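Given next are the chains, with one letter for each unit.
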Amino acid sequence: MLLDTASLYYRAYFGVPDSVRAPDGTPVNAVRGLLDFIARLVQDHRPDDLVACWDNDWRPQWRVDLIPSYKAHRVAEEIEGAPDAEETPDTLSPQVPVIEEVLAALGIARIGADGYEADDVIGTLTARATGPVDVVTGDRDLFQLVDDALERRILYPIKGVGTLQVTDEAWLRERYGVDGPGYVDLALLRGDPSDGLPGVPGIGEKTAAKLLDAYGNLAGIMAAVDDPAAKLTPSQRKKLDEARPYIAVAPKVVRVADDVPVPDFDAALPHAPRDPAALEALAGKWGLGGSLQRLLSVLEG
């Protein structure tokens, strides 16, 4: 089980009231909410391995070089020689280091790679896996990893993590008319305002799905643009032709990397804390209470 950690702690932050605070008054709603999420996921799915995948770089320069608008609207501050600072709610930012410390004391693997997003770490660990993989994320971009033959599913939270949309090939085909790899083509044609991906102007989700159904994939669609006999409308042909510079680079931006240099680590789900003393100190300082106890009980089981 691979966790898109930031996706989950953002959901926890917005789903748990900020009246949930440490003894010193600091909000810990994201910390406690994430611990509750992990406890529920482990309880319901009993994974052998669990990895909290991390955004060492939420907006990698190599993606920005290809599409400058990529996540540009979410930049809070440009930082020379380091990843730009992302706009984050004031009371969430201080909770992220606490999450890191708690995961370390628990012994839950937390893995990131410099110059890459958590999505890329997830893509790499999925590619390396020799058995079934469940990815837990609220990010539809990762639908591209769905593969029934290899038992790769996306568990997409609908309400907390107690109600998850199990995303497999049948669900993707019913909802979007594509398989996992086809979702990359659909996403780049449609665009994604939340990631600053412009898409092809005038080609929405339904049109993109129809074009992919008719021509198979992005390469097939672009071959049709060059084929006067192809049954594209004049408007579609013109829009796709004018979007060639974007279409040439967008696949590399949208497709998650599968060859990220990740460190060696132990992914095994811990049954007892790696550092009980550190965990006890963190629990006291941050008032982690029932959330931590529930997770420990589930891990022991």
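Look a little higher up for the structure.
Anyway, here's the lowdown on the structure attached to this text. What you are looking at is a predicted structure, and each value in this text was computed from that prediction instead of being measured.

### Focus: the side chain of Thr137
Tracing the backbone through its elements, the reader meets Thr137 in the loop between strand 6 (133–136) and strand 7 (152–159). Given a relative accessible area of 0%, Thr137 falls into the buried group. Within the local environment of Thr137, its side chain forms a polar contact with the side chain of Asp4, the two groups lying 2.7 Å apart. Filtering out sequence-adjacent residues up to four positions away, Thr137 remains in contact with Asp4, Ser7, Leu142, Ile154, Leu155, Tyr156 and Pro157.

### Considerations on the environment of Gly191
Topologically, Gly191 is positioned in the loop between helix 7 (180–190) and helix 8 (205–215). A C-alpha to C-alpha distance of 8.5 Å links Gly191 and Glu205, two positions 14 residues apart in sequence. In this structure, Gly191 is in contact with Leu197, Pro198 and Gly199, ignoring residues within four places of it in sequence.

### Notes on the pattern of salt bridges
Here the structure, examined in full by the defined rule, presents 16 salt bridges. The closest approach of N and O atoms between Glu205 and Arg190, which form a salt bridge, is 2.9 Å. In this pair, Glu205 sits in helix 8 while Arg190 sits in helix 7, placing the two residues 15 residues apart along the sequence. We note a salt bridge from Arg244 to Asp241, for which the minimum N-O separation is 2.7 Å. Under the relative-accessibility criterion, Arg244 is labelled partly exposed at 30%. Here the residues in one salt-bridge network are Arg63, Lys71, Glu117 and Asp120, joined through shared partners.

### Focus on the environment of Trp58
Residue placement: Trp58 occurs in the loop between strand 2 (51–53) and helix 3 (61–66). Spatially, the C-alpha atom of Trp58 lies 27 Å from that of Leu288, the residues being 230 residues apart in sequence. Apart from residues no more than four positions distant in its own chain, Trp58 is found in contact with Lys71, Arg74, Val75, Asp84, Ala85, Glu86 and Glu117. Here Asp84 takes part through its backbone oxygen, which lies 2.6 Å from a polar atom of the side chain of Trp58.

What counts and how
- Residues numbered from 1 in each chain as written.
- Predicted model: local features only at pLDDT ≥ 70, side-chain atom pairs only at ≥ 80, totals over all residues.
- Heavy atoms only, no water.
- Helix = DSSP H or I, 4+ residues; strand = E, 2+ residues; numbered from the N terminus.
- Buried < 20%, exposed > 50% of the residue type's maximum accessible area, 1.4 Å probe, protein only.
- Polar contact = N/O pair within 3.5 Å; in protein donor to acceptor, adjacent residues only side chain to side chain.
- Contact = heavy atoms within 4.5 Å.
- Salt bridge = Lys/Arg side-chain N within 4 Å of Asp/Glu carboxyl O.

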